[in-house]
Amino acid sequence: MAQTSKSKNEAPESGIVYLVGAGPGDPGLITVKGLEKIRSADVIVYDYLAGSALIREARPDAELIYVGKKGKNHTLEQVDINELLVRKATEGKKIVRLKGGDPYVFGRGGEEAEQLAAAGIPFEVVPGVTSAVAAPAYAGIPVTHRDHASMVTFITGHEDPTKEESAIDWEVLAKNPGTLVFLMGVKNLQNISESLIKFGKSPSTPVALVRWGTLPVQASLVSTLSQIHEEALRRGFQAPAVLVVGTAVSLRDTLGWFEKKPLFGKRILVTRGREQSKKMADAIRDQGGEAVLFPTISFLPPADYAPLDEAICNIAAYDWVIFTSVNGVERFFQRFFEVQDDIRKMAGPRIGAIGPVTASEIRKRGIKVDLLAKDFLAEGVLELFPRKQVEGKRFLIPRAEKAREILPKGLTEMGGMVDVVSVYRTGLPEKANVTEIKSSLSDKKLAAVTFTSSSTVTHFVEMMKGENLTALLDGVTIASIGPVTSATVKENGLPVHVEASTYTVDGLVKALAEYFRDQSA
Ligand code: SAH
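Structure report, in brief. (Residues numbered from 1 in each chain as written. Predicted model: local features only at pLDDT ≥ 70, side-chain atom pairs only at ≥ 80, totals over all residues. Heavy atoms only, no water.)

### Topic: the sheet that holds strand E2 (residues 43-46)
Step number 1: Taken together, five strands build an open sheet; the order of strands is E3-E2-E6-E1-E7 and the sheet is parallel. Looking at strand neighbours, the two that pair on one side only are strand E3 (63-66) and strand E7 (123-126), the edges of this open sheet. Mean inter-strand twist for the sheet, computed between neighbouring axes without regard to direction, equals 20°.
Step number 2: Two elements, E2 and strand E6 (residues 94-99), share four bridges in a ladder whose sense is parallel. What sits directly across from Val43, in E6, is Ile95.
Step number 3: On the sheet, helix H4 (residues 78-90) packs against strand E1 (16-21), E2, E3 and E6 and is oriented at approximately 155° with respect to E6. (Pairing = 2+ DSSP bridges. Helix = DSSP H or I, 4+ residues; strand = E, 2+ residues; numbered from the N terminus. Axes fitted to C-alpha atoms, helices over the stretch in contact; angles between N-to-C directions. Contact = heavy atoms within 4.5 Å.)

So this is what it looks like as structure tokens:
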């Protein structure tokens, strides 16, 4: 006992530093362990190349410190970074030092770890996927291959090969029969290629530059050792890129895959609410594109909970509860358990759903869906109900405050008694990057704009107020999730280029992918 109370008065427990590899850019390429560390960190110290998508995984109260290095513009000098890590750890914090690729591959991670060791600060390394392997892989180049290269060498291209005391033996490198991968070599391209040729590497050796590998903006340039410098100059090829030298580069024609994806290189605006956009962003990335989030909707509690609470208290009196959206399901059940204490109180009414995604949200709660409108529209539900199943029956429709009236109107006309209760309201988001999106649109840096409901359309138009939308969206593909949303787009004087045939987010992304695939064919 005495010991326990004594230890309470001691200095706070020492912190720990995790040197975490963020992977090369695609946020899916971080390790599971790395992601866990990011999610639980008190402090995250990160660089220019460490994925911003990963930073979003941090705890809301985590301290995020950017120490980015880009070329010579250092936000913090290396000594200051080292000092920062030691100081934060001494405060007892759990720190993630997030670095692009692998922390120990040209990341100066080794030096940071030495400083921590010297200061007696505990640390661990969570390796990452290095760009030296991943960028070639995404460009269709295996760095080793039985017929091409039985070894691979990672080299810093940062060093000037003409300097007297080079740490790199160019003669040895030139004789190296494996694949050579240079990092940080774009500026030194001429020196690198000339030095290799000078010491005997064939000028016709295939080489590739891969910029921003694994990201939707990936760009590759294939040439030969003697030509690459001029070719890169001509095309204005910029860092960050890896330079791959060796005959394995020639496999790219057969093994290229990422750059062939239908949405590759396309930036696509996602206008749905932030909470709902993750799945869509993942689907876009899966097709090789980049989702640009521009939430036009924020979800608010209903203006008055009384009607919903009353319906929940009398839930057994209803013959049917019909859900029209995932959001409706989520919010209904959240409130349900604030008012009721037992799911069995839902036992009375039968359950209807519009669309398979809404239905699966209901099933997740262990509740069977008795009726599913397969065409995802209110009209679909109406068609499924014969008049005599509606007459005199009581219906509850928990949904957004503003929504289409087709379903309640149709059921009422068929003799049903319908209570429509609001489970949420939608509003414009408080904060929005409107200026940035406007300039992306006018610079034609967005390939497509997507709308997943009529409200996303009307809110988008409202947020772009004062702009000539037709001009702003000229050349931008407009994609809609289904006919109701499309009608709203057209009412606002805009064209619809793509309409999903399955009215779900996946259906929309699929339709968009097919559209762009056809266009490039
Ligand atoms: N630790 C990192 C490398 C840091 S040095 C890793 O393991 O990947 C920075 C250099 O890495 C850049 O100059 C570039 O050559 C390379 N690099 C990092 N990310 C890259 C990417 N996504 N595509 C191509 N090269 C990349």
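After that view of the structure, there is still more to cover.
### Digging into the sheet that holds strand E19 (residues 394-400)
Step number 1: Strand order in the open sheet formed by six strands is E15-E20-E19-E16-E17-E18, and the pairing between neighbours is mixed. The sheet terminates laterally at strand E15 (298-300) and strand E18 (371-373), the two strands that pair on one side only. Sheet twist, expressed as the average angle between the axes of neighbouring strands with direction ignored, equals 25°.
Step number 2: Bridge count between strand E16 (residues 320-323) and E19: two bridges; the pairing is parallel. Bridge pairing links Trp320 to Phe395 in E19.
Step number 3: Where helix H14 (residues 356-363) meets the sheet, its contacts fall on E16, strand E17 (350-354) and E18, and the angle it forms with E17 comes to roughly 140°.

### Some remarks on the site of the ligand
Step number 1: Close to the ligand lie 17 residues; Val105, Thr130, Ser131, Gly213 and Ala241 are nearest.
Step number 2: Between the ligand and Asp102 there is a distance of 2.8 Å, counted from a nitrogen atom to a backbone nitrogen or oxygen.
Step number 3: Residue Met184 places a main-chain N or O atom 2.8 Å away from an oxygen atom belonging to the ligand.
Step number 4: Computed on the free molecule, the ligand has an accessible area of 540 Å², of which 92% lies beneath the protein chains in the complex.
Step number 5: Of the residues that constitute the shell around the ligand, the class distribution is eleven nonpolar, five polar and one charged.
Step number 6: Counting the residues that make up the shell around the ligand, at least three belong to each of domain 1 (16-129) and domain 2 (133-260). (Near = heavy atom within 4 Å. Polar contact = N/O pair within 3.5 Å; in protein donor to acceptor, adjacent residues only side chain to side chain. Areas by Shrake-Rupley, 256 points an atom, 1.4 Å probe, with all protein chains shown as cover. Nonpolar A, V, L, I, M, F, W, Y, C, P; charged D, E, K, R; others polar. Domains from an automatic or database assignment.)

### Section: the pairing of strand E14 (residues 290-293)
One face of the sheet, then the other: side chains in a regular strand alternate in exactly this way.
Step number 1: Of the strand pairs in this sheet, strand E13 (residues 267-270) and E14 are connected by four bridges, and their pairing is parallel. Bridging from a neighbouring strand, Arg267 pairs with Glu290 of E14.
Step number 2: You can see the chain leave E13, run along helix H11 (residues 277-286) and come back into E14, and the turn it takes is right-handed. (Right-handed = clockwise from strand over helix to strand, strands pointing away.)

### Digging into the nonpolar core
Step number 1: In terms of nonpolar packing, the biggest core is built from 25 residues, with Ile315, Phe323, Phe332, Phe333, Ile362 and Leu396 touching the most fellow members.
Step number 2: For this core, the elements supplying multiple residues, two or more each, are helix H12 (306-313), E16, helix H13 (326-339), E17, H14, E19 and strand E20 (417-427).
Step number 3: With four residues, the single largest contributor to this core is H13.
Step number 4: One finds Ala174, Leu180, Leu209 and Ala232 within the second-largest nonpolar core, a separate group that totals 21 residues. (Core = buried A, V, L, I, M, F, W, Y, C linked by side-chain atoms within 4.5 Å. Buried < 20%, exposed > 50% of the residue type's maximum accessible area, 1.4 Å probe, protein only.)

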